[in-house]
Every structure is written in C-alpha cells, then in structure tokens.
Amino acid sequence: MSHASDDPQPLTASPGAPLRGALKPPGDKSISHRAMILGLLAVGETRVEGLLEGDDVLRTAAAAEALGAGVERLGEGRWLVRGVGIGGMSDPAATLDFGNAGTGSRLMMGVVGGQPVTATFDGDASLRSRPMRRILDPLVKMGTEVVSEAAGGRVPLTLRGPREAIPITYETPAASAQIKSAVLLAGLNAPGTTTVIEAAATRDHTERMLRLFGAEVAVTPHGPGGQGRAVALTGQPTLRGTDVIVPADPSSAAFPLVAALVVPGSEVTLRGVMMNPLRIGLITTLLEMGAEIERTNEREEGGETVADLRVRASRLKGVDVPPERAPSMIDEYPVLAVAASFAEGTTRMAGLHELRVKESDRLEAVAAGLEANGVRFEVQGDDLVVHGDGAAPQGGGTVATHLDHRIAMAFLVMGLATREPVTVDDGAMIATSFPSFLPTMRELGGRIEA
C-alpha cells in the first residue's frame, strides 16, 4: 500500500512560547457519522447542528445521498437530511467512495447489508488495507450476500442485502463499537430482536442515537463483574427525523489538551467537550498522571453530557493503563504515548491489539515515531511501554504518518515541546477529523509550519 497521499504536505512543529487561549474542538466524528446515517433511515427531516465537516463525515453524507436521502448544507456545521425510511433506500448509481473513513464505511455496510439494496464500497489506499471481514461475518449470518470482495475481505467490495434481515444474537470477537453498530444497523430491518453481546463496554453512541430517533434499545450488564454489555434492538421500528446537536469530539480535543499539558507555562480552555463515560479514558488516565484538568460548566447537549475543560501545564508521572480502559480511549493512545514521553517514570499501556487495525498499524507507527525522536520504549506483544525522565524528549525526527491523521497530530503536538523540532511526512489527512487543527494550534501560540 502507498504510505503517502497524492499531494503530501510535510509539517514541522517547533518548541516556542506557552499556549494560551480558548477553543471549541470540532464536532464529534462518531456522532456526526451516525447523524447522517440515521437521518437517511428516518422518516421526515433531521436537522444537525455542529456537524464535523471533515472529509470522513462528508463521504458518509455523500453515501447517504447516493442511497436516496436528500442532503443539504444550510450553513457552517448546519445540515438537513430528508430520510427515506427503513426499506426505502435505492441502489446507488456509482461506487460509494469512503476515502479514509473506516467508521463511515463499516457502519454503512451494516445499513446496506440489512436492506434490499446492492452497493459497492471503496476507499483510499489506507481504507483498502483495513480488514472488513469481522464486519462481514455477522452480516452474512443476517442474510447479506457478499457479491465480491478484495483479498482478505477488504474493499473494494459489493454487498447485496435481503428483503428482511435475519435477527441474530451475536457475540463480538473484539471490543469494537464498529462491529456492534454494523449489526444493530442491519437489525433495524429484521423482524424480532437483534442482540449484540460484548465482553467489554464500547462507546455507546449508536444505542443513544437510535433511542433519540425512536428505536427501542435495551442495554443490560453482561459477564464477569458486569463489565460487558448485552444490547438488544427491537427490529423494524419507524425512525422519526429529529434535531441533533453534535458535541465537541473528545478525540480531537485530546491534541490541544495534551499540548497544553506538555508545553511549559500553558493554559488552555476547551469548550463543550463530550464527557460520555465510554469516551473519556484519556482524561481519566491523564488525571492519574497528575494532569491539572478542571472540568466546569457541565450540561446536556444532543443526548450527551458536555463540559468545559481548563488545562494547565503539568508535571506528569508514569502510570499503568489497564487493558479494560482501551475501548474508552482507543483513538487517543498515540497522543497518550506522546504525553508519556514527557512524564517521569514508566507508562505501560496494555491490551492495544485494536490499534493494529486502525488507519495504520498505529502501535508500530507510534513506536517508530517515538524511536525517531529519542524516546525510550518497548513494544511487548500488544503492550506499549514508554520510559520518561520528566524532561522534554530530544525530538529532531521525521515521523512516517502512514496516511493516519492521529499519528500526524500526535507527533506535531510532541514537536511543540521537544528540544528540537519534529517533522511529520504528511499532514494532508488531518482534514479527515480536525480540519481547523493547524489554525487552531497557531492561534493558541503553537509553531507549526509547512
């Protein structure tokens, strides 16, 4: 696979003055995808405020339109979706090109796989490298026909859904909100109850938003200590268009948050950040490391708790991050590894297998980035162990991003506080999740240059 975009944009971050100011991070990517998808499946109009207008979400919006929805941009972050209802989709005239959007493509496979429609999915070099078999396996049990697929169950692939999906009880093989969501979305067109059992609770945006649109979803604790969940969806509901306010994405907030912690003298306020308990593993971990993060002005927006976070530069210490925390911070491990490189002592991040099937093999990509910048670490199976001495790492390295936006942003954050500047080989894909990252960081005082 290619590890560079068509027009790579190398970026270099350099240490400088403290970061100061306030910002609202972009809308949450997970909720933005789901708002478009459920807007497609609902009857009537869905109005969305604060949508993340990154490339990933725009690809999902285009797919919803190709499947029959009316999709209209009303203004910045403001969108209107006119749904077709469950069973009302039409075959798209062309391939659904999801670019780099793993979440959008996998969730939409669940939608297509559960309904009488045929569609072909494709994406960029990164998406073509990612495994889809664990999404396809439960869909086949529900009646989906895999008409064609690339080697190893990858895109490009074509799915044909049944007239009605078959309701199943499915135990996910890994802690993955994408697998769970794909099965639940397919189950919308199944008579009876579709149940997903997961050994560890993963982010629950799909369940929350299904309820918001009028579906009946029951969630009960499952397994030893109630750490898992059994999620039961009553099939063939009438989803009703509704208003969705998208809160700020904690995964995007992670980058200015960690930058404020490691750049000496910094103080930054992040406004309206989602505080869903299944999404704040990074904040929990950073607090254990000694981070000064003050949570204020808690409120409800769009069915989620949000808060403002005041973050001050802090002396961090190494901690053990338990594997059961991984589902609540799976996208934040790259920037946590950066924070750990500034901490005093050893930070062990356990159970990171899921990082190997993200936009890149994130575990290997993070390890290579740490090595390039003089950080001591070990990869022990699926564990990452980072050794810090409480001082800024040397820096001076060039990091291969492998078309991964979170690798790019994590190591640009590192370069704002290392002794020497840090370069990433390509920052073009940052727009998939945080289109305003560069101007935002520059407004806070960060030095990031092409």
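Residues numbered from 1 in each chain as written. Predicted model: local features only at pLDDT ≥ 70, side-chain atom pairs only at ≥ 80, totals over all residues. Heavy atoms only, no water.

- Under an unreviewed UniProt entry, the name given to the chain is 3-phosphoshikimate 1-carboxyvinyltransferase, and the source organism is Methylobacterium dankookense.
- UniProt annotates the chain under Pathway (unreviewed entry) with the comment "Metabolic intermediate biosynthesis; chorismate biosynthesis; chorismate from D-erythrose 4-phosphate and phosphoenolpyruvate: step 6/7."
- According to its UniProt record, the chain has this under Catalytic activity (unreviewed entry): "3-phosphoshikimate + phosphoenolpyruvate = 5-O-(1-carboxyvinyl)-3-phosphoshikimate + phosphate". (UniProt positions renumbered as here; feature names shortened; annotations may be inferred.)

## What about the packing of aromatic side chains?
Part 1 of the reasoning: With the rule as written, the count across this model stands at three aromatic pairs.
Part 2 of the reasoning: On the basis of an interplanar angle of 85° and a centroid distance of 6.4 Å, the ring pair of Phe-255 and Phe-437 is categorised as edge-to-face. Remark: Phe-437 occurs in helix 13 (residues 437-443) and Phe-255 occurs in helix 8 (residues 250-262); sequence separation between them is 182 residues. Grouping residues by exposure puts Phe-255 and Phe-437 together as buried.
Part 3 of the reasoning: Taking 5.5 Å as the distance between ring centres and 70° as the angle between the ring planes, the aromatic pair formed by Phe-434 and Phe-437 counts as edge-to-face.
Part 4 of the reasoning: Take Phe-434: its relative accessible area is 0%, and that puts it in the buried class. (Phe/Tyr/Trp six-rings, centres within 6.5 Å; stacked < 30°, edge-to-face > 60°. Helix = DSSP H or I, 4+ residues; strand = E, 2+ residues; numbered from the N terminus. Buried < 20%, exposed > 50% of the residue type's maximum accessible area, 1.4 Å probe, protein only.)

## What to know about helix 6 (residues 177-187)
Part 1 of the reasoning: Of all the eleven residues making up helix 6, eleven are buried; the element is thus mostly covered by neighbouring parts of the structure.
Part 2 of the reasoning: Those residues of helix 6 that sit buried are Ala-177, Gln-178, Ile-179, Lys-180, Ser-181, Ala-182, Val-183, Leu-184, Leu-185, Ala-186 and Gly-187.
Part 3 of the reasoning: Measuring from the side-chain oxygen of the N-cap residue of helix 6 to the backbone nitrogen of Gln-178 gives 3.3 Å; that N-cap residue is Ser-176. (Polar contact = N/O pair within 3.5 Å; in protein donor to acceptor, adjacent residues only side chain to side chain.)

## Section: the UniProt feature "active site" (unreviewed entry) in the chain
Part 1 of the reasoning: Feature annotation in UniProt places "active site" (unreviewed entry) on Asp-331, given in this structure's numbering.
Part 2 of the reasoning: Relative to the helices and strands, Asp-331 is located in the loop between strand 18 (320-321) and helix 10 (333-342).
Part 3 of the reasoning: What makes Asp-331 buried here is its relative accessible area of 8%.

## Quick notes on the pairing of strand 5 (residues 78-84)
Each regular strand carries side chains that alternate between the two faces of the sheet.
Part 1 of the reasoning: Bridging between strand 3 (residues 43-49) and strand 5 involves six bridges; their strand directions are antiparallel. Paired with Val-43 across the bridge in strand 5 is Val-84.
Part 2 of the reasoning: Here strand 4 (residues 70-75) runs beside strand 5; their pairing, made up of five bridges, is antiparallel. Of the residues in strand 5, the one forming a bridge with Glu-72 is Leu-80. (Pairing = 2+ DSSP bridges.)

## Side note on helix 1 (residues 29-41)
Part 1 of the reasoning: Compared with an ideal rise of 1.5 Å per residue, which puts 13 residues at 18 Å, helix 1 spans 19 Å between its outermost C-alpha atoms and is within 8% of the ideal.
Part 2 of the reasoning: Taking burial as the measure, the 13 residues of helix 1 include 13 buried ones, the bulk of the element.
Part 3 of the reasoning: Its side-chain oxygen placed 3.1 Å from the backbone nitrogen of Ser-30, Asp-28 serves as the N-cap of helix 1. (Expected span 1.5 Å × (residues − 1).)

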